[in-house]
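# Coordinate analysis (summary)
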Amino acid sequence: MNKTKTTSIGFTAAFLIGVVGAASATGTPDDDYGYACENCPSNWENLHIDGNNCGGPRQSPIAFSFGDTRGQGRSRLKVDFGHELVSPEETTTNIEWGNDNSHNTVRFNGKDYAFQQFHFHTTAEHVVNGERSNLEMHFVNKTPDGATLVLAVFIETGDKNEAFQPIIENLKGAKDPVVDLRALLPEKLAAFGYTGSTTTPPCSADVDWRLFKMPVELSAEQIAVVEHDILEINHQFDNNRPIQNREGRAITGPRHRHGIPKHARGHDDEYGDDHDD
């Protein structure tokens, strides 16, 4: 009896292992995702989640060079950011700092977007002129009807940045920080733009991206703190999605300064897309 029972359990275990292995080999994981296979980005399009668009068109991130861009025309970006109490929330692959009742907004092409949350990717997801920055920071903003605008900040090694220090201290265990959201952005808001998707499942489409041309500097020590926590969540893997096909999408870019109305010069928060700084 015992021998038969042991054989039955062994057969069942072997069968289940075979089934699991077959499912993994065919790339049909469940709703878990990450950056270490078998649920790594190459398998995201097979995830069993609602609205999965990871295998769809117009995906993000992308690679481009300054020479790929064209003038922005009348597109306007007005950033109305100030101080915000933000609370961290650990997700499957990241830490998001947000406030459900934020009064900080961005006005873009006649629409008002409310700030939702910011988070980091290491290394940067977008590649510009063949280079990746140490970090890429995303500010996610939404309209009441669900339209999404993401402001991307490239972060490079340099001097210590006091505006980011409340976030660093929070990662070290301090209480929820109050941050000056505007101070986390570059001084000048000249930006590149295109239409893409979110960079994590379900890879939702029709996201407006604005990637600031001017990077922000953090000290090596500050960057190391952010990288440590992201890598710890992701089993020592970077949390950047591989570059996606541009599919001929237009990349808008800053124009020369003479293309800006005189009254707007110096007001980067409103005419940020039109600057070539």
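Refer to the structure printed above.
My aim in this report is to walk through the structure given alongside it, one point at a time. (Residues numbered from 1 in each chain as written. Predicted model: local features only at pLDDT ≥ 70, side-chain atom pairs only at ≥ 80, totals over all residues. Heavy atoms only, no water.)

Along the backbone of the protein there are four helices and 16 strands. Every one of the 277 residues in the protein was classed for burial, and the buried ones make up 45%. Residue pairs in contact within the protein that sit at least 24 positions apart in sequence constitute 65% of those at least 6 positions apart. Carbon and sulfur atoms provide 50% of the accessible area of the protein, an area that totals close to 13,700 Å². (Helix = DSSP H or I, 4+ residues; strand = E, 2+ residues; numbered from the N terminus. Buried < 20%, exposed > 50% of the residue type's maximum accessible area, 1.4 Å probe, protein only. Contact = heavy atoms within 4.5 Å. Areas by Shrake-Rupley, 256 points an atom, 1.4 Å probe, with all protein chains shown as cover.)

Per the counting criterion, the structure on display carries 12 aromatic pairs. Ring centres of Phe81 and Phe115 lie 6.0 Å apart, and the angle between their planes is 75°; this geometry places the pair in the edge-to-face category. In this pair, Phe81 is assigned in the loop between β3 (77-80) and β4 (83-85) and Phe115 in strand β8 (residues 111-122), connecting sequence segments 34 residues apart. Note on accessibility: Phe81 and Phe115 belong to one class, buried. Where Phe118 meets Phe139, the ring centres are 5.7 Å apart and the plane angle is 45°; that geometry is what we call tilted. One end of the pair, Phe118, is in strand β8; the other, Phe139, is in strand β10 (residues 135-142), with 21 residues separating them in the sequence. We classify Phe118 as buried; its relative accessible area is 0%. In textbook terms, an aromatic cluster arises when at least three aromatic residues are bridged by ring pairs, as seen for Phe81, Trp97, Phe115, Phe118, Phe120 and Phe139. A cation over a ring is seen here: Lys213 above Phe66, with NZ or CZ 5.2 Å from the ring centre. (Phe/Tyr/Trp six-rings, centres within 6.5 Å; stacked < 30°, edge-to-face > 60°. Lys NZ or Arg CZ within 6 Å of the ring centre and 35° of its normal.)

The buried count for β10 comes to seven of eight residues, which makes it a mostly enclosed element. Of the strand pairs in this sheet, β10 and strand β11 (residues 148-157) are connected by eight bridges, and their pairing is antiparallel. Its bridge partner being in β11, Phe139 is matched across the sheet by Leu151. Counted between consecutive antiparallel strands, the loop separating β10 from β11 contains five residues, among which Gly146 sits at a positive phi close to 95°. (Pairing = 2+ DSSP bridges.)

A word on the side chain of Thr122. In this fold, Thr122 is placed in strand β8. Note on Thr122: relative accessible area 2%, which makes it buried. Other than its neighbours up to four places away in sequence, Thr122 contacts Asn134, Leu135, Glu227, Ile230, Asp238, Asn239 and Asn240.

A few words now on the pattern of salt bridges. Under the counting rule described, the total for this entry stands at three salt bridges. Measuring nitrogen to oxygen at the nearest pair gives 3.3 Å for the salt bridge that ties Asp68 to Arg246. Taken together, the positions of Asp68 in the loop between β1 (63-64) and β2 (69-71) and Arg246 in the loop between α3 (220-233) and β16 (251-253) put the pair 178 residues apart, joining distant regions of the chain. What makes Arg246 partly exposed here is its relative accessible area of 23%. Where Asp112 meets Arg107, a salt bridge forms, and the shortest distance between an N and an O atom there is 2.8 Å. Classification of Asp112 by relative accessible area gives partly exposed; the value is 44%. (Salt bridge = Lys/Arg side-chain N within 4 Å of Asp/Glu carboxyl O.)

Below, the discussion takes up the nonpolar core. Where a protein is soluble and globular, its nonpolar side chains tend to be buried together. Counting residues in hydrophobic clusters, the biggest one holds 39 residues, and the most contacted among them are Phe118, Phe120, Met137, Phe139, Phe164 and Leu184. With five residues, α3 is the single largest residue contributor to this core. Ala152, Phe192, Leu211 and Ile251 belong to the second largest nonpolar core, which has 13 residues in total. (Core = buried A, V, L, I, M, F, W, Y, C linked by side-chain atoms within 4.5 Å.)

What follows covers a negative patch on the surface. A cluster of like negative charges, contributed by Glu131, Glu156, Asp159 and Glu217, occupies part of the molecular surface. Relative to the assigned elements, Glu131 resides in the loop between β9 (127-128) and β10. (Patch = residues over 30% accessible without salt bridge, like charges linked within 9 Å, V, L, I, M, F, W, Y side chains within 5 Å. Lys, Arg positive; Asp, Glu negative; His and termini not counted. Charge placed at Lys NZ, Arg CZ, Asp CG, Glu CD.)

Turning next to the state of the cysteines. Per the stated rule, a full pass over the model turns up one disulfide. Between the sulfur of Cys54 and that of Cys203 lies a disulfide, 2.1 Å long from S to S. The S-S bond linking Cys54 to Cys203 shows a torsion near 80°; that makes this disulfide right-handed. Taken together, the residues Cys54 in the loop between α1 (2-25) and β1 and Cys203 in the loop between β13 (191-196) and β14 (207-212) connect sequence positions 149 residues apart. Accessibility assignment for this pair places Cys54 and Cys203 in one class, buried. (Disulfide = S-S within 2.5 Å.)

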